[in-house]
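# Coordinate inspection notes
Residue strings, one per chain:
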Amino acid sequence: MVKPKKHLGQHFLTDQHSAERTAQLINKCNTTNVLEIGPGKGILTKFLLKQPNKIIHAIEIDLESATFLQDQNLLQKPFLMEGDFLNLNLTQLFKGEFILIGNYPYNISSQIIFKMLEHRSSIPLMAGMFQKEVAQRIASLHGNKTYGILSVLVQAFYEVKIEFKLSPGAFFPPPKVDSAVICCQRRVNYTLPCSETLFFDVVKTAFNQRRKTMLNSLAKFNLKEAFLKHPFAKLRPETLSVNQFVELTQFIEKQR
Ligand code: SAM
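Conventions we followed
Residues numbered from 1 in each chain as written. Predicted model: local features only at pLDDT ≥ 70, side-chain atom pairs only at ≥ 80, totals over all residues. Heavy atoms only, no water. Helix = DSSP H or I, 4+ residues; strand = E, 2+ residues; numbered from the N terminus. Buried < 20%, exposed > 50% of the residue type's maximum accessible area, 1.4 Å probe, protein only. Contact = heavy atoms within 4.5 Å. Pairing = 2+ DSSP bridges. Axes fitted to C-alpha atoms, helices over the stretch in contact; angles between N-to-C directions.

What follows concerns the environment of L192. The residue L192 is located in the loop between strand 9 (179–186) and helix 8 (196–208) in this model. On the basis of relative accessible area, L192 is assigned to the buried category, the value being 15%. Between the C-alpha atoms of L192 and A156, which are 36 residues apart in sequence, the distance is 7.8 Å. Other than its neighbours up to four places away in sequence, L192 contacts A156, F157, F199 and V246.

Let us now look at the sheet that holds strand 6 (residues 125–131). The strand order 4-3-2-5-6-9-7 describes an open sheet built from 7 strands, whose pairing is mixed. Of all the strands in the sheet, the pair left with one neighbour each is strand 4 (80–82) and strand 7 (158–166). Between one strand axis and the next, the sheet turns through 20° on average, direction left out of account. Strands in contact with helix 3 (residues 63–71) are strand 3 (55–60) and strand 4; relative to strand 4, the strand with the most contacts, it is inclined by about 155°. Against the sheet, helix 5 (residues 109–118) engages strand 2 (33–37), strand 5 (99–103), strand 6 and strand 7, with an angle of about 170° to strand 6.

Here it is in structure tokens:
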């Protein structure tokens, strides 16, 4: 028995069909190594292990769940690691590329996404379950209220698709929110035609003051006179597409 622990975001999936559908997403790319974050009692792991030509690794922070997985003979060390994904040294673990998957602990969703972005050159595919609102933010297009930092940064490098939605009844204990499974496939050309460090800075700075116009929110970049006449100066960040953020980054680079 594994007692669900709220502080670890433990809402165990009970719907077998959704677990199978989610696990099958790893076949969208032919990378062999797969890392599951938070296998819990292993409902998703069980289906991941059935997919052909894949090697499943998992990291679980909860010792009780990790013991359960080993007792059930689902996963053993070293493929099962006990610890915090956020502290995991991914570069040391995998020499090449790997797929990221999970029914993610909702309390650290954004941190998982940022870690994925940091390792984008090694992660061709990321799929799994998020709180529905987070999934919508990741997939949102410019012009929408939910469009923000996560949307621009993930979509700059990945093609995002919401695969299906799940109601709280698909989990035990049921969460207070709806969930959605997303699939992010890295773009073929995923390097940006601008400084990527500056791009991250521009996007984060613009959205940190999302009610201001770009002219005001980007003041720290000292854009001088030239930006006054720029077509984006009077706009708010949610109206700019990913490509326009790239264009803006190129413009800022030229001013330096
Ligand atoms: N995959 C299981 C399922 O679908 O039923 C469990 C999903 S549950 C929403 C999230 C899981 O992530 C829990 O098992 C929890 O212990 C684990 N977890 C939470 N924070 C973690 C972290 N920082 N690193 C690794 N695992 C974590």
